[in-house]
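# Structural overview for review
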Amino acid sequence: KVLLKPHQFAAKGFNGEMMMDEAGENLQAYLGLRMKMAGQEYPSGPPSTFTVVVEKGENQHYGIVFDTSNKAALMIFRVCDQGAVAEHNRNTKPCEQLVQTDFITSVNGVSSPLARIRQFQKP
């Protein structure tokens with residue numbers, strides 16, 4: 001289920017994803033919604049690319065597993081329940097969360113696939 005309160009859409013509408021509650025054990029599911037009030041236009045959807053700043057800290061890991069089958073792309077295979085990315089996701093809007101199937105295009109200004117992975121491996 002998804003609970004969307006009026007303050008989340010009444011003024012400007014809503015166009016994005018909402019995380020579903022009670023999706024099942026160990027499951028994260030999202031519902032894409034596009035809503036507007038009578039007389040309004042639909043709002044623009046979330047951007048196709050966005051910048052995220054995730055600080056790992058000294059005794060923490062990022063908590064993401066990558067799909068490395070495509071050597072030209074760095075895709076998120078899974079976001080773990082614990083780690084810097086999970087913490088980031090808990091504290092940001094759904095459209096700014098890192099989720100499964102997102103592509104990482106650059107890390108600390110580095111854009112080659114192998115170099116991006118190495119950035120995540122740094123202590």
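Here is a short report on the structure shown in this document. Here, residues in each chain are numbered from 1, in the same order as that chain's written sequence. The predicted origin of the model limits local features to residues at a pLDDT of at least 70 and limits the giving and counting of side-chain atom pairs to 80 or more, whereas totals for whole chains, interfaces and linings rest on all residues. Side-chain measures here rest on the full set of heavy atoms in the structure, leaving out hydrogens and waters.

Only runs of H or I of at least four residues qualify as helices and only runs of E of at least two qualify as strands under DSSP, and these elements are numbered from the N terminus. You can see Arg-116 is positioned in helix H2 (residues 113–121). Only protein chains enter the accessibility calculation, which uses a 1.4 Å probe; a residue whose area is less than 20% of its type maximum is buried, one above 50% is exposed, and one in between is partly exposed. For the charge count, each Lys or Arg is scored as positive and each Asp or Glu as negative, with His and the chain ends excluded. What counts as a salt bridge is simple: a side-chain nitrogen of Lys or Arg found within 4 Å of a carboxyl oxygen of Asp or Glu. Despite its burial, Arg-116 pairs with no opposite charge, the nearest such side chain being Asp-67 at 12 Å. Separated by 2.9 Å, the side chain of Arg-116 and the backbone oxygen of Ser-111 make a polar contact. Each residue touching Arg-116, except ones within four places of it in the same chain, is listed here: Ala-72, Leu-74, Ile-104, Thr-105, Ser-106, Val-107, Val-110 and Ser-111. Polar contacts here mean pairs of N or O atoms no more than 3.5 Å apart (in protein, one a potential hydrogen donor and the other a potential acceptor; neighbouring residues in sequence count only if both atoms are side-chain atoms). Note on contacts: a residue pair qualifies if any of its non-hydrogen atoms lie within 4.5 Å across the two residues.

Among the buried residues, those of types Ala, Val, Leu, Ile, Met, Phe, Trp, Tyr and Cys that are joined through side-chain atoms within 4.5 Å form a nonpolar core. Core analysis: the biggest nonpolar cluster contains 12 residues, these being Tyr-62, Ile-64, Phe-66, Leu-74, Ile-76, Val-79, Ala-84, Val-85, Leu-98, Ile-104, Val-107 and Phe-120. Looking at this core, the elements that each hand over two or more residues are strand S3 (64–67), strand S4 (75–79) and helix H1 (84–90). Setting aside residues up to four positions removed in sequence, Tyr-62 forms contacts with Val-54, Lys-56, Gly-83, Ala-84, Val-85 and Phe-120. Judged by nonpolar contacts, the second largest core, of five residues, contains Leu-4, Phe-9, Met-18 and Leu-33.

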